[in-house]
Amino acid sequence: MAHVVVLGAGLGGTIMAYELRDNLSRGDRVSIINKGSKYSFVPSNPWVAVGWRDRESIEVDLEPACKKRDIGLYPQGAKRLHAAHNRIELTDGSFVDYDYLVIATGPELAFDEIPGFGPEANTQSVCHIDHALSAKAAFEKLVAKPGPVVIGAVQGASCYGPAYEFAFILEKALRDAKVRDKVPMTFVTSEPYIGHLGLDGVGDTKGLLESAMRSKHIKWITNSKVQKFEADKVTVEEVNDDGTTKTIHEVPSAYTMMLPAFRGVEAVRDIEGLTNPRGFILVDKHQQNGKFQNVFAVGVCVAIAPTGKTPVPVGVPKTGFMIESMVTATAKNIARLVRGEKPNAEGSWNAVCLADFGDGGIAFVAQPQIPPRNVNWSSQGKWVHAAKIGFEKYFLHKIKSGMAEPFYEKLALQVLGIDKLKAVKFDD
């Protein structure tokens, strides 16, 4: 009988374990290795940062669900993957052997690549619940003593949606606190245009986001490289389309929140044949690594090439639905390997995104996520905010209950015409 280990219990890893349990026999073992036993719903962190949520409302203890689903849980966390020996060294010095491994670690946050960057220095973050709680304390100080704000995403970032979300959520929170008139806001991004999102836009995201930012009096700088963060300002190089310097901006800031570039986590970095130079996992269309063929990867840790050349490096986001597509394909492919068959499932990599703006928002569907697309749609309205709240409650319930994808979710996806898997293909 096979032992399948999932490394990481974030958005992709937890659902990965549940889907593996659904697809494998009772005699097969499924285990999760994670730092701690709590699941945290990262998409709600922007709400935490302005006091609309607390830690308890977006965290789930995984132990009851894992016990219910007969999934092993190792909360020590991983120190190092030894892929050639099919084992993982844990932080307490013990080892876990596996027959198949799914890497779902998420990223390491590369704050160290820019001087003054990160929660330990001069900026805030919404990438982790602890960061978001620190950002909330800084938000309260901003309300008490208003000043200019800088929000955005730095060069090499690949997660732009939360930056836009937080800009508008912060704007709404400042209005609620009746200090918005005292807080100039600037959005600084490495994207070549507003609404690029690392996807070369989806539908009219450029027009929708530019209009929304104008209506909320948020200025912006695109094609930007941040040179350094200081306590009271951000130094930004704005470049031309050919990459030459256009302008150096010194943007005043009493509160800065910019999303960092990502890289692979230390436990898996620098393993020849497994990762690219940035530490992301190399996989084929079946989510399978070429050198270590019992190793798969899903989520933000997967290496994906940019959609095209841009003046400033812009990464490709891995949205929640895209990650679930990877998860479903991986679960089916590992189950086939356990049965002695070849992988045949390929994730669709469709993107469905709800970007909440506090009292409205923008939704988009990209099928597939990487252009060219069959569906390229975006829309806006107050319904997006309500939908995001509904999705948060639903997804947290799914994690608590140990469900991967209940019947009504499958039905809703079919009604929308969205598939997690391409037609099954059999290798020759």
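Residues numbered from 1 in each chain as written. Predicted model: local features only at pLDDT ≥ 70, side-chain atom pairs only at ≥ 80, totals over all residues. Heavy atoms only, no water.

*Asks:* Would you mind going over the overall build of the protein chain with me for this structure?
*Replies:* Counting its secondary structure elements, the protein chain contains 10 helices and 22 strands. Here the C-alpha atoms of the protein chain give a radius of gyration of 21 Å, agreeing with the 22 Å that 2.2 N^0.38 yields for 428 residues. Dimensions of the protein chain, computed from C-alpha atoms along their principal axes, come out at roughly 65 × 50 × 45 Å. In the protein chain, which comprises 428 residues, the proportion classed as buried is 55%. Taking contacts inside the protein chain between residues at least 6 apart in sequence as the whole, the part at least 24 apart equals 66%. Total accessible area on the protein chain stands at roughly 17,800 Å², and carbon and sulfur atoms take up 53% of it. Counting 50 positive and 49 negative side-chain charges, the protein chain places the averaged centre of each group 2 Å from the other. (Helix = DSSP H or I, 4+ residues; strand = E, 2+ residues; numbered from the N terminus. Rg over C-alpha atoms; globule rule 2.2 N^0.38 Å. Buried < 20%, exposed > 50% of the residue type's maximum accessible area, 1.4 Å probe, protein only. Contact = heavy atoms within 4.5 Å. Areas by Shrake-Rupley, 256 points an atom, 1.4 Å probe, with all protein chains shown as cover. Lys, Arg positive; Asp, Glu negative; His and termini not counted. Charge placed at Lys NZ, Arg CZ, Asp CG, Glu CD.)

*Asks:* Got a minute to help me understand the sheet that holds strand β16 (residues 245–252) in this structure?
*Replies:* Ordered in space as β14-β15-β16, the 3 strands form an open sheet in which the pairing is antiparallel. Of all strands in the sheet, those with a lone pairing partner are β14 (224–230) and β16, marking the two edges. Pairwise comparison of adjacent strand axes, ignoring direction, gives a mean angle of 15° for this sheet. With 7 bridges connecting them, strand β15 (residues 233–239) and β16 associate as antiparallel partners. Across the sheet, the residue bridging to Val239 is Thr245, located in β16. (Pairing = 2+ DSSP bridges. Axes fitted to C-alpha atoms, helices over the stretch in contact; angles between N-to-C directions.)

*Asks:* Where do I start with the UniProt feature "domain: FAD/NAD(P)-binding" (unreviewed entry) in the protein chain in this structure?
*Replies:* Under the UniProt annotation, "domain: FAD/NAD(P)-binding" (unreviewed entry) lies at residues 3–302. The span residues 3–302 shows a helical share of 24% and a strand share of 28%, and its end C-alpha atoms are spaced 22 Å apart. (UniProt positions renumbered as here; feature names shortened; annotations may be inferred.)

*Asks:* Mind showing me how you'd approach the sheet that holds strand β2 (residues 29–33) here?
*Replies:* Within a sheet, adjacent strands bond to each other through the backbone by hydrogen bonds, running parallel or antiparallel. In spatial order, the strands read β5-β2-β1-β9-β19; together these 5 strands make up an open sheet with parallel pairing. Because the sheet does not close on itself, it has two edges, and the strands there are β5 (72–74) and β19 (295–297). Averaged over all neighbouring strand pairs, the angle between strand axes comes to 20°, with direction disregarded.

*Asks:* Just to check I follow, could you spell out the nonpolar core for this structure?
*Replies:* If you look at soluble globular proteins, the nonpolar side chains tend to sit buried side by side. Residues Leu20, Leu81, Ile103, Leu170 and Tyr255 are the most contacted members of the largest nonpolar core, which totals 114 residues. With 9 residues, the single largest contributor to this core is helix α6 (residues 161–176). Not counting chain neighbours up to four residues away, the residues in contact with Leu81 comprise Arg87, Ile88, Tyr98, Leu101, Ile103, Ala267, Val268, Ile271 and Leu274. Counting 13 residues, the second-largest nonpolar core is a separate cluster that includes Phe111, Phe117, Val234 and Met258. (Core = buried A, V, L, I, M, F, W, Y, C linked by side-chain atoms within 4.5 Å.)

*Asks:* I keep staring at helix α5 (residues 129–144) and nothing clicks. Help me out?
*Replies:* For an α-helix, the turn length of 3.6 residues means that residues three or four places apart are oriented alike. Here α5 spans 23 Å end to end across 16 residues, near enough to the 22 Å set by a 1.5 Å rise per residue. Those residues of α5 lying buried are Ile129, His131, Ala132, Ala135, Ala138, Phe139 and Leu142. All buried residues of α5 project into a common sector of 165° when viewed along the axis, lining one side. Turned more than 90 degrees from where α5 packs its buried face, Lys141 and Ala144 sit exposed. (Expected span 1.5 Å × (residues − 1). Arc of directions from axis to C-beta.)

*Asks:* Where do I start with the side chain of Arg180 in this structure?
*Replies:* As for its placement among the helices and strands, Arg180 is situated in the loop between α6 and β12 (185–189). The class for Arg180 is buried, based on a relative accessible area of 13%. At a separation of 3.3 Å, a polar atom in the side chain of Arg180 contacts the side chain of Glu171. Beyond its immediate stretch of four places on either side in the chain, Arg180 contacts Glu171, Leu174, Arg175, Met185, Lys216, His217 and Ile218. (Polar contact = N/O pair within 3.5 Å; in protein donor to acceptor, adjacent residues only side chain to side chain.)

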